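Analysis of the macromolecular model
Each chain, written out:
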Amino acid sequence: MKIRRAIIGSCLLCALLASLFAVQGASAAGTTGYTCVKGKGELRGEHCLTSGTAPAEYGHVAVPVNTTTEGTVTNETTSGVKDSGKLKATIAGVAITLTATGANGSGWGTNAEEGGEMFAHGEGTTTFTGVTATGSCKVFTDSGAGKGEEGVIHTEPLKATSKGQGDSGKLEPKEGTVFARFILEGCVNSGINGTYTVTGSIKPTTLEGSTVSYTHANTTEQNTLRLNGTIKAGVEIATTGRGRANASEAYTPGGATT
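Fair warning: this is a prediction, and the values are worked out from it, not measured in the lab.

Looking only at helices and strands, the protein features 1 helix and 22 strands. In the protein, which comprises 258 residues, the share counted as buried stands at 47%. Across the protein, contacts joining residues at least 24 apart in sequence account for 64% of those joining residues at least 6 apart. Approximately 10,700 Å² of the protein is accessible, and the part contributed by carbon and sulfur atoms is 49%.

Shown next, in the form of structure tokens:
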């Protein structure tokens, strides 16, 4: 079984539908979503890993076409470690990093087929907590109506799709161009203080089981994420996603395979 390391996922300011969508053999070319369940005897552990010491008792079950799946994403990896998310950019000639200790997203995903292409689509939002910044900057929520909570950033409604994306996926705002907004205050370099809008789109870097990872180098190279329209930015984070058919069921991790 070949693992294809390309999946719709998450980043510091756009985590939501990771691991709901995966490359899966189907009657039509494209991408479908699935969950990881016990009893298939193919992969290791509840996160459907291809390596490790856990018994090979798990496997993938595709989500039926046009069936909505609820999804959650956190920055807790398959090993139980919380991976700090980072947003990096150079503002007014000064390199700055925002770091979030918590990431919790919720949304929904579904598989669909159109014009012979199987694809996955989903929508949701994410909240980042414990957000700090270098240079003694304080970080605040910006709802568009002024300064809010310190150390918290909420995304705008986002959408993820694999339609027309080949083996990968694209994550972007549901409407318009804004992922999220935040405010920096109290920076040692006063030229960094101000309100920032994150815009653009993002694609994932790697996948291991149900954990999706982004690296700063790769996301910066994509050249699709901006602060205030002109400042090039990159992200760094690993998140793990889970899905379920309805509220009466427990969440089940997902992953990617061909």
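Next comes the rest of the description.
By the secondary structure assignment, Gly-151 is in the loop between strand E12 (147–150) and strand E13 (153–154). For the pair Gly-151 and Thr-141, spaced 10 residues apart in sequence, the C-alpha separation works out to 7.3 Å.

On to unusual backbone geometry, then. Unusually for a residue other than glycine, Ala-92 sits at a positive phi of about 50 degrees. Tracing the sequence through the fold places Ala-92 in the loop between strand E6 (85–91) and strand E7 (94–100). You can call Ala-92 exposed: its relative accessible area is 60%.

A few words now on the confidence of the model for the protein. In this model, the protein carries an average pLDDT of 77, and 79% of its residues clear a pLDDT of 70 or more. The least confident element of the protein is strand E1 (residues 21–22), whose mean pLDDT is 35; the most confident is strand E10 (residues 132–133), at 96. Here residues 1–30 scores under 50 on pLDDT; set against residues more than four positions off or in separate chains, the count is 161 contacts.

Take the pattern of salt bridges next. Scanning the entire structure with this criterion turns up 5 salt bridges. Here Glu-57 ties to Lys-38 by a salt bridge, and the two come within 3.8 Å at their closest N and O atoms. Remark: Lys-38 occurs in strand E3 (residues 32–44) and Glu-57 occurs in strand E4 (residues 56–62); sequence separation between them is 19 residues. Lys-38 sits in the exposed class, given a relative accessible area of 57%. Glu-185 is the salt-bridge partner of Lys-147, the closest N and O atoms lying 3.2 Å from each other.

This part is about the pairing of strand E11 (residues 138–142). Among the 5 residues of E11, 4 are classified as buried, and the element is accordingly described as predominantly covered. Of the pairings in the sheet, the one linking E11 to strand E16 (residues 178–185) comprises 4 bridges and is antiparallel in character. Along E16, the bridge assignment pairs Val-139 with Leu-184. In this structure, E11 lies alongside E12, joined through 2 bridges in antiparallel fashion. By the bridge assignment for E12, Phe-140 is matched with Glu-150. In textbook terms, the turn of a hairpin is the stretch between consecutive antiparallel strands, and for E11 and E12 this stretch comprises 4 residues, one of which, Gly-144, has a positive phi near 95 degrees.

The next subject is the side chain of Thr-141. Position of Thr-141 relative to the elements: it lies in strand E11. A distance of 2.5 Å separates a polar side-chain atom of Thr-141 from the backbone oxygen of Val-152. In this view, Thr-141 contacts Gly-146, Lys-147, Gly-148, Glu-149, Val-152, Ile-153, His-154 and Ile-183; residues no more than four positions away in its chain are not counted.

Definitions and limits used
- Residues numbered from 1 in each chain as written.
- Predicted model: local features only at pLDDT ≥ 70, side-chain atom pairs only at ≥ 80, totals over all residues.
- Heavy atoms only, no water.
- Helix = DSSP H or I, 4+ residues; strand = E, 2+ residues; numbered from the N terminus.
- Buried < 20%, exposed > 50% of the residue type's maximum accessible area, 1.4 Å probe, protein only.
- Contact = heavy atoms within 4.5 Å.
- Areas by Shrake-Rupley, 256 points an atom, 1.4 Å probe, with all protein chains shown as cover.
- pLDDT = per-residue confidence, 0-100.
- Salt bridge = Lys/Arg side-chain N within 4 Å of Asp/Glu carboxyl O.
- Pairing = 2+ DSSP bridges.
- Polar contact = N/O pair within 3.5 Å; in protein donor to acceptor, adjacent residues only side chain to side chain.

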